[in-house]
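Next come the chains, spelled out residue by residue.
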Amino acid sequence: MLCQVKLLHPLLSSGSRLTLDRTAIQLCQRRLSTVPYLSAMANYYDPVAIGVLAKDYYQLDVSTVTPLMGEVDLNYRVTTTDGTHFTLKVSQPGQDEKSIRFQYELLVHLAGKQLPFATPQPVGEIVELEEGRLLRLLSWVPGRMLSDLNPITQAHRIPWRRPSACLTTALP
């Protein structure tokens, strides 16, 4: 079930609509509530605030923001008014900046390789926010979320062998 809310925030395009998947929000809130530092982050960054961050730091004309599951970061699918999708990631306070920059550089490296599948590509630079949080924008790669597969069977694992081998070969 989708809930569409008219945005009145002055930094977002006039007439923009924010579409929230209530089930996704409830799942995120339920999962995040079990991890104290992520729970605090979930309260701090709401979808409207994420839209403002995307506009301020990446000059995106945001139409929808959808929360995504994530192990450590807060992740959002941001859709622009022209229908382009991105992944916006907000790190937890105090997360190792070197580790995040390393991940970012790995994605830059993979973008330069000719892989038989799409990988997320960094868009713009990493932005330092208050409390040591880092914001980064990635291209959107369509597909099914691993968390949607339950159970993960041998039939799912077999097709992963080739992409795994390609990634291993492509890494420095």
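Relevant structure appears above.
The rules behind each value
- Every chain is numbered on its own, with residues counted from 1 as its sequence reads.
- Reporting of local features is limited, given that this is a predicted model, to residues whose pLDDT is at least 70; pairs of side-chain atoms are given and counted only at 80 or more, and all residues count toward the totals for whole chains, interfaces and linings.
- Only heavy atoms go into the side-chain values, all of them from the structure, while hydrogens and water stay out.
- Here a helix means four or more residues in a row that DSSP labels H or I, a strand means two or more in a row labelled E, and each is numbered from the N terminus.
- When accessible area is computed with a 1.4 Å probe and restricted to protein chains, residues below 20% of their type maximum are described as buried, those above 50% as exposed, and intermediate ones as partly exposed.
- Here, Shrake-Rupley sampling with a 1.4 Å probe gives the accessible areas, and only protein chains in the shown set may cover a residue.
- Pairing between two strands is assigned when DSSP locates at least 2 bridges connecting them.
- To define axes, lines are fitted to C-alpha atoms, for helices over the stretch in contact only, and angles between the resulting N-to-C directions are given on a 0 to 180 degree scale.
- Working rule for contacts: check all heavy atoms of both residues, and any pair within 4.5 Å makes them a contact.
- We place a 1 Å grid over just the protein atoms. Points where a 1.4 Å probe fits but has no way out form a cavity, open points with protein on both sides within 12 Å along at least 5 of 7 lines form a pocket, and any residue with an atom within 4 Å of a point lines it.
- Grid points are joined across faces, edges and corners, and a volume is the space filled by probe spheres set on the points.
- Helices are assigned an expected span. That span is 1.5 Å times one less than the residue count.
- Any pair of N or O atoms that falls within 3.5 Å is considered a polar contact. Within protein, one atom must be able to donate a hydrogen and the other to accept it, and sequence-neighbouring residues count only if both atoms are side-chain atoms.
- Each salt bridge in this description consists of a side-chain nitrogen of Lys or Arg and a carboxyl oxygen of Asp or Glu lying within 4 Å of one another.

A. Region of interest: the overall build of the protein. Along the backbone of the protein there are 6 helices and 7 strands. Traced from its N-terminal end to its C-terminal end, the protein shows the element sequence β-β-α-α-α-β-β-β-α-β-β-α-α. The buried share of the protein, reckoned over its 172 residues, is 38%. In the form shown here, the protein has an accessible surface area of approximately 10300 Å², with 55% of it arising from carbon and sulfur atoms.

B. Structural detail: the sheet that holds strand E4 (residues 74–80). Overall, antiparallel pairing links the 5 strands, which are arranged E3-E4-E5-E7-E6 in an open sheet. With one partner strand each, in any of the chains shown, strand E3 (62–68) and strand E6 (122–128) form the two edges of the open sheet. Between one strand and the next, the sheet's axes are offset by a mean angle of 20°, whatever the strand orientation. Bridging between E6 and strand E7 (residues 134–139) involves 4 bridges; their strand directions are antiparallel. Note that in E7 the partner of Pro-122 across the bridge is Leu-138. Along the sheet, helix H3 (residues 47–58) makes contact with E3, E4, strand E5 (85–90), E6 and E7, crossing E6 at roughly 105°. On the sheet, helix H4 (residues 97–111) packs against E6 and E7 and is oriented at approximately 170° with respect to E6.

C. Expanded view of the layout of surface pockets. Its volume calculated, the largest pocket comes out at about 1300 Å³. Around the largest pocket, the lining is made up of 32 residues, and of these Pro-120, Val-141, Arg-144, Met-145 and Leu-146 lie nearest the centre. Residue assignment for the lining of the largest pocket shows that the elements contributing at least two residues are E5, H4, E7 and helix H6 (161–170).

D. Just H3, in detail. Between the first and last C-alpha of H3 there are 16 Å, a value that for 12 residues agrees with the 16 Å anticipated at 1.5 Å per step. Among the residues of H3, those classed as buried are Pro-47, Ile-50, Gly-51, Val-52, Leu-53, Ala-54 and Tyr-58. Of the residues flanking the start of H3, the one acting as N-cap is Asp-46, its side-chain oxygen 3.1 Å from the backbone nitrogen of Val-48. Of the residues one or two after H3, Gln-59 is the one with positive phi, at around 55°.

E. Examining the pattern of salt bridges more closely. Taken as a whole and assessed by the stated rule, the structure comprises 5 salt bridges. Taking the shortest distance from any N to any O, the salt bridge between Asp-73 and Arg-136 comes out at 2.5 Å. Remark: Arg-136 occurs in strand E7 and Asp-73 occurs in the loop between E3 and E4; sequence separation between them is 63 residues. The salt bridge partner of Glu-128 is Arg-101, with a shortest N-O separation of 3.5 Å. Separated by 27 residues along the polypeptide, Glu-128 in strand E6 and Arg-101 in helix H4 bring together distant segments of the chain.

F. Broad picture of unusual backbone geometry. With an omega of 0°, the peptide bond between Asn-150 and Pro-151 qualifies as cis. Relative to the assigned elements, Pro-151 resides in the loop between E7 and helix H5 (154–157). Unlike most non-glycine residues, Gln-59 shows phi in positive territory, near 55°. You can see Gln-59 is positioned in the loop between H3 and E3. Positive phi outside glycine occurs at Glu-131, with the angle close to 60°.

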